[in-house]
Amino acid sequence: MRVLIHNSDSPHNRGDRAILAGNIELARRRWPGSEIVSLSQYPERDGAWFGIRFLPMSPYSTGIGDLFRLLRAARTADVVLWGGGEILKDYTNKLGLVYWLLKFVLVRAVNRHVVGAFQGIGPTSAGISKRLIRATVDLTEVFIVRDEESREKLRSWGVRTPVIASFDPAVVGTVTAPDADVLARLQRTTGLSAEQLDGSVGIGVRRWFHYKRSGWIPFRFIPKALRRSHVESADLVTYRAALAELVDTVVERWDVDVVFYPMHMEASEGDAAFAREVIAQMRHGVRAHVVEADEFSPAEYAGLMSRSRLFIASRLHSAIVATIAGVPATVLYYVDKGRLFFEQIGQQRYARPIEDALEPTFVADVVASLEDLDEHRDRVVADLAAGVERMTGALHTDFARGTEGVR
């Protein structure tokens, strides 16, 4: 069995790596002994991390040579799994929808077995965006989404392809307890010792309130000179200051170090840079650390998170990885996917919209959630384990049902 996974930005995005790892595990269980291929501009590194072969190209490449390489691989595959996070939406930009439609018109022309693999359909407002998404999804044999609301959106927009509602495949990921080598790499790259890591509070933050929603051009392609007016919006300034105050309060309340876990490593997203901006405003910045070096596999990264006492996230997949690692977490969701995941895992009381960071009671409210998580740790950890087990079983069942026509 030959499986091609067209992943999202896993070369640079640790959240997309968690999704890719889950899709690989689902494919291995579905087709034992299969040959699995994906895409990365770092094929040797990612091959070692995931145990599959990678075509040496970016998943977002627009190069003609890379396109022909992709189409050759798609033509010889028994199935093309189109994985990713929330790539069909227009709240960030509309141009990406044109890109995906054109690319998958070509992929579908060389292989009729194209399956959408556990995507989310993000906030979408423009009529043209909904039509582009509908046309793209209709190129697949079946489209598996990670929540019921995504399925209802596609149905309301007139999608003809069968749509299956499931969960985020990142919950299938593996957690590897950090060994001496991982801990040595951590100390060498961050200065963080094993003693400081144990019982720390983990934080996965992303920059927000910094770009115009629903424009045509992705933020990463906007010239730097034109970005500046967005980057320092008043809401972003308030949000960053509120995070700094929150982290300082956590340090004081629990007398622990805090560890920032960047998820998106590309400079245009700048999770690590934003973490450093937050730390620069802290009173206790000396007790904050950033796991910035991209030297840890997805399983190793989850293992580092597993040593946390509690976790705070505005990057959804940092919360998901913390969840599979058994760490009680609270999330600031910027779009519905964060709220939906915490509802699915039964932790909705610990989810709040990111706009709450602009309110004067924000720090007190989040600390209250953390105290509640800490007080009821045994129950929360048991609930997380049960939720992950339930989701994992459903993911395998839904994947088998969605690919039953592939032999």
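Residues numbered from 1 in each chain as written. Predicted model: local features only at pLDDT ≥ 70, side-chain atom pairs only at ≥ 80, totals over all residues. Heavy atoms only, no water.

Two side chains carrying opposite charge are able to pair once their charged atoms lie near each other. Under the defined criterion, the tally for this structure stands at 37 salt bridges. Notably, a salt bridge pairs D383 with R379, separated by 3.9 Å at the nearest N-O pair. With D383 and R379 both in helix α16 (residues 377-402) and 4 residues apart, the pair spans about one turn of that helix. Judged by its relative accessible area of 38%, R379 is partly exposed. The shortest N-O distance in the salt bridge between R401 and D398 comes to 3.6 Å. With R401 and D398 both in helix α16, this residue pair falls 3 residues apart, about one helical turn. For D398, a relative accessible area of 9% gives the class buried. Via salt bridges that share partners, R14, R17, R45, D46 and D294 belong to a single interconnected network. (Salt bridge = Lys/Arg side-chain N within 4 Å of Asp/Glu carboxyl O. Helix = DSSP H or I, 4+ residues; strand = E, 2+ residues; numbered from the N terminus. Buried < 20%, exposed > 50% of the residue type's maximum accessible area, 1.4 Å probe, protein only.)

As a further point, take unusual backbone geometry. Of note in this structure, F118 is not a glycine but carries a positive phi near 65°. Locating F118 in the fold gives a position in strand β5 (residues 114-119). Judged by relative accessible area, which is 0%, F118 ranks as buried. Although it is not a glycine, D255 adopts a positive phi angle of roughly 55°. Note on placement: D255 falls in the loop between α10 (234-254) and β9 (258-260).

It is worth spelling out the pairing of strand β8 (residues 201-204) at this point. On any regular strand, side chains alternate: one points to one face of the sheet, the next to the other face. The alternating pattern of β8 places V201 and I203 and G202 and G204 on opposite faces, both of which are buried. In this sheet, β9 lies alongside β8 in parallel orientation, the contact comprising 3 bridges. Residue pairing across strands places G202 opposite V259, the latter belonging to β9. Relative to strand β11 (residues 310-313), β8 runs parallel, the two sharing 4 bridges. Among the inter-strand pairings, I203 is bridged to a residue of β11, identified as I312. (Pairing = 2+ DSSP bridges.)

Across the sheet, 6 strands lie side by side as β10-β9-β8-β11-β12-β13; this open sheet has parallel pairing. On the outer flanks of this sheet lie β10 (288-290) and β13 (351-353), each paired with one strand and no other. Averaged over all adjacent pairs, the angle separating strand axes in this sheet is 20°, with direction ignored. Those strands touched by helix α14 (residues 336-344) are β12 (329-333) and β13, and its axis lies near 150° from that of β12. (Axes fitted to C-alpha atoms, helices over the stretch in contact; angles between N-to-C directions. Contact = heavy atoms within 4.5 Å.)

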